[in-house]
Amino acid sequence: MKYSKVLTASAALAVGALALSGCSGSGGESDDGTVTMSLWQNSTTGPGQQFWIDAIAAFEEANPGVTIEMQSVQNEDMDGKLQTALNAGDPPDIFLQRGGGKMTAMVNAGQLMDLTGLISDEIRSEIPEGSFAAETYQDKVWAMPLSVLPGGFFYSQDAFDNAGITGTPETIGDLESAVEALKATGIAPIALGAKDAWPAAHWYYFFALRECSPAVIEATGDSKDFSDECWLRAAEDLADFNSINPFNEGFLTTPAQQGAGSSAGLIANRQAAMELMGAWDPGVIASLTPDEQPLPDLAWFPFPEISGGDGEPGSMMGGVDGYSCSAQAPAECADFLNFVASADQQIAYYEAFQSPPVNTVAQEAVTEPYLQQILEAYNNAPFVSQWLDTVLGQNVGSALNVAVVDLLAGGTTPEDFVATINTAGAQG
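(A) Spotlight on the packing of helix α2 (residues 47-62) against helix α15 (residues 343-353). Relative orientation of the contacting elements α2 and α15 amounts to 160 degrees, with a least axis distance of 8 Å. One way to sum up the angle between α2 and α15 is to call them roughly antiparallel. As α2 runs across α15, the sense of the crossing is right-handed. The residues of α15 that touch α2, namely those facing Pro 47, Gly 48, Phe 51, Trp 52 and Ala 55, are Gln 345, Ala 348, Tyr 349, Ala 352 and Phe 353. Partitioning the contact of α2 with α15 into residue classes produces eight nonpolar, two polar and no charged.

Given below as structure tokens:
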């Protein structure tokens, strides 16, 4: 999940010591029968902190002798720090799982607990198989899904109204017209936090989703071969769109989620009209408004279609966010994952993060029209791909993200861009 959550703790002193030490602190059962587990997550703002505090407190109350110590890791640092801990044999017991090629590598290295037989019947009945499929490899479940996070445009309805935009863009041509209309009102049309690379890469991912067939996207996830012409067309599409200067001034040095000057902060403070982002964005935006409340006119529309592409119309990009247990974690790790996936906890998760829960019972509590729209689009999509950097794995995915920033900065051509990612793919 590409959003920032909040540092939380069940015991402030324990977390403080963990944060200061900087170690992963993998837990286990002590001689007196008590169990301590460590958890890494990427929360840094707002109501998310209270969600984790409450969830941990409730689980500990129901499970005497179990303590969960939490460490917050900045989202952009999570993958590298987690991989280092895993490779050193000292990972956290519970941690954010992005899935795709990254999860596959962890499974192949023997670093994850097999959860297949540890998921309760109640949770199995309330979470769709499609959500578990996103956390499955070689017919085994390696993470507990918690949130559905497809991407699309989050926008200010007030900004669109002020610009005289009726309806939402259905084609790239419509989106370009909206950009020009918004410019005329003095607002930045589209916020982009390219400093963090992955938000910029989202743009290429979505053009590729429209240009490439599902079969090509899935095959490339395995082969890391970008020789199909659709990958070049997607790069050309992005370069053409970038040529109309749709993004905020200084977007190459703008962060995605940290502070009022981030891309999410620009939406929250009405300095920009829209942002292409995953479904965690409403919670991040809410944490950055002046009153730290949800943006009242926030709305959503899917990435527009393009003509002549091989993609299935209505296809979605984005994944299911989950949490894994390390291979050496105590058995109570799976108990905690079942707990946070339960309907009551999923409702609390949705209310805290303003993102769609995977639990179907909890989904009935979703009231925001834009979240209902996201769920409907996701459930009706003919094809759903996880984020491409997740599909491709850590090394190739990171190279792709950096190459997209270079393309947007004018440092490379679409042809050289494809050559760069092909080289990265060949090197694995």
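(B) How the structure looks around the state of the cysteines. Under the defined criterion, the tally for this structure stands at two disulfides. Across a sulfur-sulfur distance of 2.1 Å, Cys 212 and Cys 230 are joined as a disulfide pair. Classification of the bridge connecting Cys 212 and Cys 230 rests on its S-S torsion, roughly 100 degrees, and on that basis the disulfide is right-handed. Here the residue Cys 212 occupies a position in the loop between α9 (198-211) and α10 (214-223), and Cys 230 occupies one in helix α11 (residues 229-242), the gap between them amounting to 18 residues.

(C) Quick look at the side chain of Arg 210. Note that Arg 210 resides in helix α9. Accessibility expressed as a relative area gives 4% for Arg 210, which makes it buried. When residues no more than four places from it in sequence are discounted, the contact partners of Arg 210 are Phe 303, Pro 304, Glu 305, Ile 306, Gly 309, Asp 310, Gly 311, Glu 312 and Ser 315.

(D) Representation of the pattern of salt bridges in the model. A complete count under the given rule lists nine salt bridges for this structure. When the shortest N-O distance is used, the salt bridge between Asp 79 and Arg 98 registers 2.6 Å. Residue Asp 79 is found in helix α3 (residues 75-87), and its partner Arg 98 is found in the loop between β4 (94-97) and α4 (100-108); the two are separated by 19 residues along the sequence. The same class applies to Asp 79 as to Arg 98, namely buried. The shortest N-O distance in the salt bridge between Arg 270 and Asp 297 comes to 2.8 Å. Taken together, the residues span a long stretch of sequence, with Arg 270 in the loop between α12 (263-268) and β9 (272-278) and Asp 297 in the loop between α13 (281-288) and β10 (298-301) at a distance of 27 residues.

Analysis parameters
Residues numbered from 1 in each chain as written. Predicted model: local features only at pLDDT ≥ 70, side-chain atom pairs only at ≥ 80, totals over all residues. Heavy atoms only, no water. Axes fitted to C-alpha atoms, helices over the stretch in contact; angles between N-to-C directions. Helix = DSSP H or I, 4+ residues; strand = E, 2+ residues; numbered from the N terminus. Parallel < 35°, antiparallel > 145°, perpendicular 65-115°, else oblique. Left-handed = near helix turned anticlockwise from the far one by under 90°. Contact = heavy atoms within 4.5 Å. Nonpolar A, V, L, I, M, F, W, Y, C, P; charged D, E, K, R; others polar. Disulfide = S-S within 2.5 Å. Buried < 20%, exposed > 50% of the residue type's maximum accessible area, 1.4 Å probe, protein only. Salt bridge = Lys/Arg side-chain N within 4 Å of Asp/Glu carboxyl O.

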